[in-house]
Amino acid sequence: MAILFTGIKQLLTFAGDDAPRAGAAMREIGLVKNGAVLVEKGIVEAAGPRAAVARHRLAKTAKVVETGGVCLPGFVDSHTHMIFAEPRLKDFSMRTAGASYPEIKAAGGGILSSIGAVRKQPLKPMAAQLARRAARFLECGTTTAEVKSGYGLSLDSELKMLRAVREARKLTPLELLPTLLAAHSVPPEFNGDSQKYLDHIIAEILPKAAAEGLAVFADIFCEKGYFTPEQTTTYLKEAARLGLRPKVHSEQLSNYGGTRAGAAAGAVSADHADHVYAEDIAAMRDAGTIATLLPASNYYLGLSKFPPARELIAEGVPVALATDFNPGTCPCWNMQFVLSVACTHCAMTPEEALCAATVNGAWALGIGDRCGVIAPGRQADLAFFAAYDYRELCYYFGANQCSMTVKKGKILRGTPGTLLSC
Ligand code: NIG
Ligand code: FE
């Protein structure tokens, strides 16, 4: 049976070009006042002014849901490290005592301190934990999320993490897209020899992950003390040869060259971009690489520097926003908080921030042709908010304003009996 979501005070469709949005197009939100969305079999049949949608032949017999509020495409969180066994509370205490990212790493914290518990955790509890976390994302209006491996850093554990994503898909309606991030850090067994570990990844981990169809993307942390731009090029080219789309963590802590290496290897996105210069920005624009900004991690690390969103947008680079949810640098799953930081610390407008969290997030995951906008024929992934004006989503912060999430036409919150369990 069709469902008619109606009485929407402000519907943001983001209808527009079938491509990542750049420049002024990032401010085109497709606002409809007093709108409606008609959904059948998980697909949007019609979206627009209430009166026009009500004339659709399926509207006559549809189940009617009077929603009020603001409706957007569900958030597409295109960068998360959602699988980890334990929070890193020791890192947190050190940081509150003034320790920096490299100081925490040198003291045995950071990425490597997550691998012990992840290696020990069996696959089934890992998948169940991931599905419980997925419920938190759905509650906040996220309908699709990318999930990276990268806390196993051995053949067995990296494959286990990706298989856990596959298992978790059966347990949660949140759409999960897996990324192999075996090149996240150099595990202790390799005694700091990043080249030897990278050779192992290329000989063993990448081909097995690709052969089992476990990952859509391959990602690498290009930074001093992790992997070099040359290693990034080698890894991403090999990943692409095996059918995994390249992504890169680049220019997070310093200007090191990962963004240019990623763009040259055909990266769909270059993520963080805190320290990009003009030549990095030009490389992204020319290669069609999306800049995925993760400003909630800057906030959480107490950094005064935030990614240069204004320059990126002015230069025509499509910008996406994501949480970077992870146990070390950003334990936040709520995209509404990311919107707030993007507006208050990166000078993005609410319109740009919302575009970056929906349409451009979808393109950063290569699914912009079915997700990220509300238009006939697209997947019915919707997020409803208890607000009068869409700008309230960026204006209020620290709370969850999402009142209902709809994934592939299925109502996940807001209707008695369908509340998510966590
Ligand atoms: O995106 N920079 C590398 N990776 C993560 C941090 C992960 C962690 O600290 O566990 C990031 O910030
Ligand atoms: Fe990350």
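Residues numbered from 1 in each chain as written. Chains lettered and ligands numbered in written order. Predicted model: local features only at pLDDT ≥ 70, side-chain atom pairs only at ≥ 80, totals over all residues. Heavy atoms only, no water.

Our focus in this paragraph is the coordination of the iron ion (ligand 2). Ideal values for angles at a metal depend on the geometry: 109.5 degrees with four tetrahedral donors, 90 or 180 degrees with six octahedral donors. Here the iron ion (ligand 2) is held by His-79 (NE2), His-81 (NE2), His-249 (NE2) and Asp-324 (OD), and the distances to it run 2.1 to 2.4 Å. All donors to the iron ion (ligand 2) come from one chain, and their sequence spacing reads H-x1-H-x167-H-x74-D. Residue His-81 is located in the loop between strand E6 (75–77) and helix H2 (89–96), and its partner Asp-324 is located in the loop between strand E13 (319–321) and helix H13 (335–345); the two are separated by 243 residues in the primary sequence. (Donors = N, O, S within 2.8 Å, 3.2 Å for Na, K, Ca; no water. Helix = DSSP H or I, 4+ residues; strand = E, 2+ residues; numbered from the N terminus.)

To continue, consider the site of ligand 1. By nearness alone, 15 residues border ligand 1, and Arg-88, Tyr-151, His-184, Gln-252 and Thr-329 come closest of all. Within the side chain of His-272, one N or O atom sits 2.9 Å away from an oxygen atom of ligand 1. Surface burial for ligand 1 is 99%, taken as the share of its 330 Å² of free accessible area covered by protein chains. Here the residues of the shell around ligand 1 sort into 4 nonpolar, 9 polar and 2 charged. (Near = heavy atom within 4 Å. Polar contact = N/O pair within 3.5 Å; in protein donor to acceptor, adjacent residues only side chain to side chain. Areas by Shrake-Rupley, 256 points an atom, 1.4 Å probe, with all protein chains shown as cover. Nonpolar A, V, L, I, M, F, W, Y, C, P; charged D, E, K, R; others polar.)

Scanning the entire structure with this criterion turns up 11 aromatic pairs. Here Phe-190 and Tyr-197 contribute two aromatic rings whose centre-to-centre distance is 5.1 Å and whose plane-to-plane angle is 55°, an arrangement assigned as tilted. Both residues of the pair, Phe-190 and Tyr-197, belong to the buried class. An aromatic cluster is defined as three or more aromatic residues linked by ring pairs; in this entry it consists of Phe-84, Phe-137, Phe-325 and Trp-333. Lying over the aromatic face of Tyr-226, Lys-105 brings its terminal NZ or CZ to 4.2 Å of the ring centre. A cation over an aromatic ring shows up here: Arg-133 above the ring of Phe-84, its NZ or CZ 3.7 Å from the ring centre. (Phe/Tyr/Trp six-rings, centres within 6.5 Å; stacked < 30°, edge-to-face > 60°. Buried < 20%, exposed > 50% of the residue type's maximum accessible area, 1.4 Å probe, protein only. Lys NZ or Arg CZ within 6 Å of the ring centre and 35° of its normal.)

Here the chain is partitioned into domain 1 (3–73 + 372–413) and domain 2 (76–85 + 111–363). Between the C-alpha centres of domain 1 and domain 2 the distance comes to 28 Å. Facing 35 residues of domain 1, the contacting portion of domain 2 comprises 35 residues. Buried area between domain 1 and domain 2, summed over both chains or domains, comes out near 2700 Å², and the portion from carbon and sulfur atoms is 68%. Considering only the side of domain 1, the residues that lose the most area to domain 2 are Met-26, Cys-394 and Lys-407, jointly responsible for 24% of the buried surface there. Arg-27 is the salt-bridge partner of Glu-352, the closest N and O atoms lying 2.6 Å from each other. Linking domain 1 with domain 2 are 14 residue pairs in polar contact (both at pLDDT 80 or more). Sort the elements by how many residues they give to the side of domain 1 that touches domain 2 and strand E15 (residues 402–407) lands first, with 4 residues. Tallied by class, the residues present in the side of domain 1 that touches domain 2 amount to 21 nonpolar, 6 polar and 8 charged. (Domains from an automatic or database assignment. Contact = heavy atoms within 4.5 Å. Buried area = accessible area lost by both parts, 1.4 Å probe. Salt bridge = Lys/Arg side-chain N within 4 Å of Asp/Glu carboxyl O.)

Another aspect to go through is the sheet that holds strand E12 (residues 290–293). Strand order in the open sheet made by the 8 strands is E6-E7-E8-E9-E10-E11-E12-E13, with parallel pairing throughout. Bordering the open sheet on either side are E6 and E13, each of which pairs with just one other strand. Within this sheet the neighbouring strands show an average axis-to-axis angle of 25°, counted without direction. With 3 bridges connecting them, E6 and strand E7 (residues 142–148) associate as parallel partners. Counted as the bridge partner of Phe-75 is Thr-142 from E7. Lying on the sheet, H13 is in contact with E6, E7 and E13; it crosses E6 at an angle near 85°. Against the sheet, helix H14 (residues 350–357) engages E6 and E13, with an angle of about 75° to E13. (Pairing = 2+ DSSP bridges. Axes fitted to C-alpha atoms, helices over the stretch in contact; angles between N-to-C directions.)

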